[in-house]
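# Commentary on secondary and tertiary structure
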Amino acid sequence: MEKYIINGGNKLYGSIEIQSAKNSVLPILAATVLTDDKVKILNAPNITDVKNMAKILSKLGCDVMYENGNIIVDSSRADCYEIPRQLAHELRSSVFLLGSVISRFHTAKIAYPGGCDIGLRPVDLHLAGLKRLGVEIDEEKGYIICKCEKLKGNEIMLDCPSVGATENLMLAAVKAEGATVIKNAAREPEIEDLQRLLNCMGAKVRGAGSGTIVIEGVRELHGCEFLPIPDRIEAGTFLIAAAMCGGEVELNRVCAENISSLLHKLRENGCKIYLNNDKIILENHKRPTSVKSIETQPYPGFPTDLQAQITALCCICRGQSIITENLFETRFKYVPELRKMGADVTVINRNAFVRGVERFNGATVIAHDLRGGAALVSAALAAEGRSEVLNISHIDRGYGSFEYKLRSLGGDIVRISI
Ligand code: UD1
């Protein structure tokens, strides 16, 4: 077990490079099963979610090689269609493998997935969509068992624009017979990135980024080399940390358009933001002012994955805010921890009511999930005094070299084993 020890109060100055997007790389890794050729993912983030996905691929018989920050997957000898219980529990994105494994083997067996404990996170839409493509589904003893003679394209209407279901169905449909149309598809940038990858592999996918995705099935896919988009959530986390601590931080290799909902809020907070090609610079030298209300929404709305971090920022703003979580019902688990640091925040149902306090005080706090954990680290960096953040394995799931990057900006943060 490891924890962070953080001495708060330092302003953040300097520049960092943003990693490739976790939420792009995970479905891309799943896509590697669709071909016998090698797929090379450039600049892959060094995070445990990616390592766990790579472990699952190895269990399926794929060769996974790490080389200078890139990952190469060779699935030519993949021979197993079962995703083991323990790994599926460690990583919710293992469910994305259903689409590609069923495409390859016409059968798949997976234990119900795990991931962050942020609500029910059902997979009913994934399964309903797969049924539309001709898959028979049985559920027994905590396993989902899928079988089909062949996958056949069809029209699928998602009840809500689920990111994972959209991606899974794209993966299942690319080599299906005939055309598939996914309606009410999620429009997240990571879905466009998956389309870009699949088309690099020889697929015929169009429409990603809009609510309707059209996939014309092809017989074969081939290998490719692919650079995923930058991680908008990592970028947003660092921008919010800079807004909380004050200072001037430059992010390199970032796409401002993909986090414009956050940039609007940070400008309302009083931060100065400069954009230049693939750079964002945030400058802030005073206590931020509150934004009245923030609601998480599917893209292009405010991302649920930045909800905890922006709430932590609101806690030290001048004025009051209401933050509404519309996607995951239990995504406020970090709030009691922020209260230990002096925050004045009350959660009622899906709303967090925040009255800004002058500053956080250092405290010992526990990370309960990935983004909540990142919010606690930012709060500790902005706090007066010393903090400890426990359970940081949650943070390692999504942020590569987190403390190195923060230290390079001047944050006083060290990792120690306990
Ligand atoms: C993905 C992201 C996650 C992000 C989330 C929302 C990855 C690896 N993870 O998660 O970081 O927080 O999008 O932007 O990309 N739902 C159902 N039935 C289903 C599937 C989803 O009811 O079968 C509901 C969920 O409970 C939730 C909503 O749909 O309320 C959105 O979930 P979804 O978009 O599927 O999120 P994930 O793909 O799990």
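Before any of the text, the structure's been laid out above.
Residues numbered from 1 in each chain as written. Predicted model: local features only at pLDDT ≥ 70, side-chain atom pairs only at ≥ 80, totals over all residues. Heavy atoms only, no water.

### Observations concerning the environment of His-89
Assignment of secondary structure puts His-89 in helix 3 (residues 85–90). We classify His-89 as partly exposed; its relative accessible area is 43%. Separated by 21 residues in the primary sequence, His-89 and Ile-110 place their C-alpha atoms 9.9 Å from one another. (Helix = DSSP H or I, 4+ residues; strand = E, 2+ residues; numbered from the N terminus. Buried < 20%, exposed > 50% of the residue type's maximum accessible area, 1.4 Å probe, protein only.)

### A few points about the pattern of salt bridges
Under the criterion given, the structure shown has 22 salt bridges. Taking the shortest distance from any N to any O, the salt bridge between Lys-3 and Glu-388 comes out at 2.9 Å. Remark: Glu-388 occurs in strand 23 (residues 386–390) and Lys-3 occurs in strand 1 (residues 2–7); sequence separation between them is 385 residues. Here the two residues Lys-3 and Glu-388 agree in accessibility, since each one is buried. Across the pair Arg-196 and Asp-193 runs a salt bridge, and its minimum N-O distance is 2.6 Å. With Arg-196 and Asp-193 both in helix 7 (residues 189–200), this residue pair falls three residues apart, about one helical turn. The exposure class of Arg-196 is partly exposed, given its relative accessible area of 40%. Within this structure, Glu-2, Asp-396, Glu-403 and Arg-415 form a network of salt bridges that share partners. (Salt bridge = Lys/Arg side-chain N within 4 Å of Asp/Glu carboxyl O.)

### Concerning the sheet that holds strand 2 (residues 12–17)
Within the open sheet, the four strands sit side by side as 2-15-17-16. Their pairing is mixed. Bordering the open sheet on either side are strand 2 and strand 16 (272–276), each of which pairs with just one other strand. The sheet shows a mean angle of 10° between the axes of neighbouring strands, taken without regard to direction. Direction of pairing for strand 2 relative to strand 15 (residues 247–252): parallel, over a ladder of six bridges. Paired with Glu-17 across the strands is Asn-252, a residue of strand 15. Its contacts with the sheet put helix 8 (residues 232–245) on strand 2, strand 15 and strand 17 (279–284), and the angle it makes with strand 15 is roughly 170°. (Pairing = 2+ DSSP bridges. Axes fitted to C-alpha atoms, helices over the stretch in contact; angles between N-to-C directions. Contact = heavy atoms within 4.5 Å.)

### Digging into the sheet that holds strand 11 (residues 179–183)
If you walk across this open sheet you meet the four strands as 10-11-13-12, and the pairing is mixed. A single partner strand is all that each edge strand has here, and the edge strands are strand 10 (155–157) and strand 12 (204–206). Along the sheet, successive strands turn relative to each other by an average axial angle of 10°, direction set aside. Sheet topology note: the strand 10/strand 11 ladder contains three bridges and is parallel. Pairing of Met-157 across the sheet is with Lys-183, part of strand 11.

### As for the site of the ligand
In the neighbourhood of the ligand, 19 residues make up the surrounding shell, with Asp-124, Ser-162, Val-163, Asp-305 and Leu-327 lying closest. In this structure, an oxygen atom belonging to the ligand sits 2.6 Å away from a side-chain N or O atom of Ser-162. Contact between the ligand and Val-163: an oxygen atom at 2.7 Å from a main-chain N or O atom of the residue. Here the ligand, which alone exposes 740 Å², has 87% of that area covered by the protein. Secondary-structure elements contributing two or more residues to the shell around the ligand are helix 5 (124–132) and helix 6 (163–173). Sort the elements by how many residues they give to the shell around the ligand and helix 5 lands first, with three residues. Among the residues making up the shell around the ligand, the classes are represented as eight nonpolar, six polar and five charged. (Near = heavy atom within 4 Å. Polar contact = N/O pair within 3.5 Å; in protein donor to acceptor, adjacent residues only side chain to side chain. Areas by Shrake-Rupley, 256 points an atom, 1.4 Å probe, with all protein chains shown as cover. Nonpolar A, V, L, I, M, F, W, Y, C, P; charged D, E, K, R; others polar.)

### Some details on helix 6
With 10 of 11 residues buried, helix 6 is to be regarded as a mostly interior element. Its side-chain oxygen placed 3.5 Å from the backbone nitrogen of Gly-164, Ser-162 serves as the N-cap of helix 6.

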